[in-house]
Amino acid sequence: MKITVIGAGNVGATCAQRIAEGDLGDVVLVDIVEGLPQGKALDLLEAAPVMGHSRSVVGANGYDETTGSDVVVMTAGLARKPGMSRDDLQKMNAEIVEGAITEAHRRSPGAIFVMVTNPLDIMCEVAYRVVGGDPSRVFGMAGVLDSARFRAFIALELGVAMEDVQAMVLGGHGDTMVPLPRFSTVSGISIVHLLPAERIEALAQRTRDGGAEIVGLLKTGSAYYAPAAATFQMVEAVVRDKKRILPVAARLSGQYGIDGQYLGVPAKLGAGGIEEIIELPLTDGELAELRRSAEHVRAGVEALG
Ligand code: APR
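Please read all numbers here as calculations on a predicted model, not as lab measurements. (Residues numbered from 1 in each chain as written. Predicted model: local features only at pLDDT ≥ 70, side-chain atom pairs only at ≥ 80, totals over all residues. Heavy atoms only, no water.)

Novice: Could you clarify how one ought to interpret the overall build of the chain in this entry?
Specialist: When its secondary structure is counted, the chain shows nine helices and 14 strands. For the chain, whose C-alpha radius of gyration is 18 Å, the value lies close to the compact-globule estimate of 19 Å for 305 residues. By principal-axis analysis of the C-alpha atoms, the chain measures approximately 50 × 45 × 40 Å. Going through the 305 residues of the chain one by one, you find that 51% of them count as buried. (Helix = DSSP H or I, 4+ residues; strand = E, 2+ residues; numbered from the N terminus. Rg over C-alpha atoms; globule rule 2.2 N^0.38 Å. Buried < 20%, exposed > 50% of the residue type's maximum accessible area, 1.4 Å probe, protein only.)

Here it is as structure tokens:
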């Protein structure tokens, strides 16, 4: 397997590390800054003997080295600064995504594209417009991260093992995301049976604000360890054909009454990319929240023109 990671910043370099050290494939790291991807790739390669893998890790400022990639992970773009919303990033990052995905797709027309650049759902649409064809091969990482944050907060609140907590967060990656307590569980027990409603809402709100909380602390950048871990899990599902059920930013075609746009929904991820989109039996209230989130994403896409 050959995996290209575009963007050698915090998220991209950490993804490259997890992918190489997780033995998923050979990695090509691309960035516009001269020396940056080459330096980080060499540093990662020099860790290989210690970490015990033999994957090649190569850095480049162009795309020729990416030719024939099986998976392309897109992290290049500008990260949020304090007080900046994901939507503020939209125009700047749309140009970066369009240019980079065009170059990568030209050299790897059969690749699966995993989008990470924010605003995520809109950047998925920008990439899809370049790649075209089967939308199951272009999707985005958001729900795994948002759900991981919800899982961590639930585990901390209840004082239980992180690994026993599962959670489902759907919708767009932003303030309108939709945490679903009914479908969030501790070893199969829904959290609605374990926590009072107001505590659940507080944890859901902390999840919605999860990215901003980190930006506020870091001051000069946004989260990257958890985003890279979430991206790794999705790439692993594809590379190892794991058929994992994960929340994925997928292009919907009528599911949940939403057509022709990206939104976070549960999906089966395997070698073919998105192999199935799962429609949960949502209550009217949950569905209304999801559609509100979809409206927000749609407005962002319309603003692209
Ligand atoms: N081509 C390739 N790389 C680019 C381009 C481009 N056209 N434009 C910018 N980059 C690179 C930058 O040089 C930088 O190294 O993208 C990298 C971004 O890295 P960071 O600034 O560290 O940002 P990061 O924290 O990695 O976040 C990247 O992921 O989670 C999202 O919101 C986040 O959209 C942001 C993206």
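Novice: Whenever I open this one, the pairing of strand β13 (residues 259–270) confuses me. Can you help?
Specialist: Each regular strand shows side chains that alternate between the opposite faces of the sheet. Counting buried positions along β13 gives nine out of 12 residues, so the element sits mostly inside the fold. Across four bridges, β13 lies against strand β14 (residues 273–277) in antiparallel orientation. Looking across to β14, one finds that lysine 268 is bridged to glutamate 276. Linking two consecutive strands that pair antiparallel, namely β13 and β14, is a turn of two residues. (Pairing = 2+ DSSP bridges.)

Novice: What's the story with the packing of helix α3 (residues 90–107) against helix α9 (residues 284–304) in this structure? I'm lost.
Specialist: Helix-helix packing: each pair is described by the crossing angle between the helix axes and the interaxial distance. In the contact formed by α3 and α9, the axes pass within 11 Å of each other and the chain directions differ by 70°. On the basis of the axis angle, α3 is roughly perpendicular to α9. When you trace α3 past α9, the crossing you get is right-handed. The segment α3 lies against α9, with Gln90, Lys91 and Ala94 engaging Gly300, Ala303 and Leu304. Its residues assigned to classes, the contact of α3 with α9 shows three nonpolar, two polar and one charged. (Axes fitted to C-alpha atoms, helices over the stretch in contact; angles between N-to-C directions. Parallel < 35°, antiparallel > 145°, perpendicular 65-115°, else oblique. Left-handed = near helix turned anticlockwise from the far one by under 90°. Contact = heavy atoms within 4.5 Å. Nonpolar A, V, L, I, M, F, W, Y, C, P; charged D, E, K, R; others polar.)

Novice: Please clarify how the environment of aspartate 23 should be interpreted in this entry.
Specialist: The residue aspartate 23 is located in the loop between α1 (10–21) and β2 (26–30) in this model. Each C-alpha atom, one on aspartate 23 and one on alanine 41, is 15 Å from the other, the two residues being 18 residues apart in sequence. Sequence-distant contacts of aspartate 23, defined by excluding residues within four places in its chain, comprise His53, Arg55 and Arg240. A polar contact is formed between the side chain of aspartate 23 and the side chain of arginine 55, at a distance of 2.9 Å. (Polar contact = N/O pair within 3.5 Å; in protein donor to acceptor, adjacent residues only side chain to side chain.)

Novice: I tried to follow helix α5 (residues 143–158) on my own but got confused; where do I start?
Specialist: Residues that lie three or four places apart on an α-helix share one face, since the helix turns once every 3.6 residues. Under the 1.5 Å per step criterion, the end-to-end length of α5 is 22 Å for 16 residues, consistent within 8% with the ideal 22 Å. Within α5, the full set of buried residues consists of Gly143, Val144, Leu145, Asp146, Ser147, Arg149, Phe150, Ala152, Phe153, Ile154 and Ala155. Positive phi shows up at glycine 159, right after α5, with a value of about 65°. (Expected span 1.5 Å × (residues − 1).)

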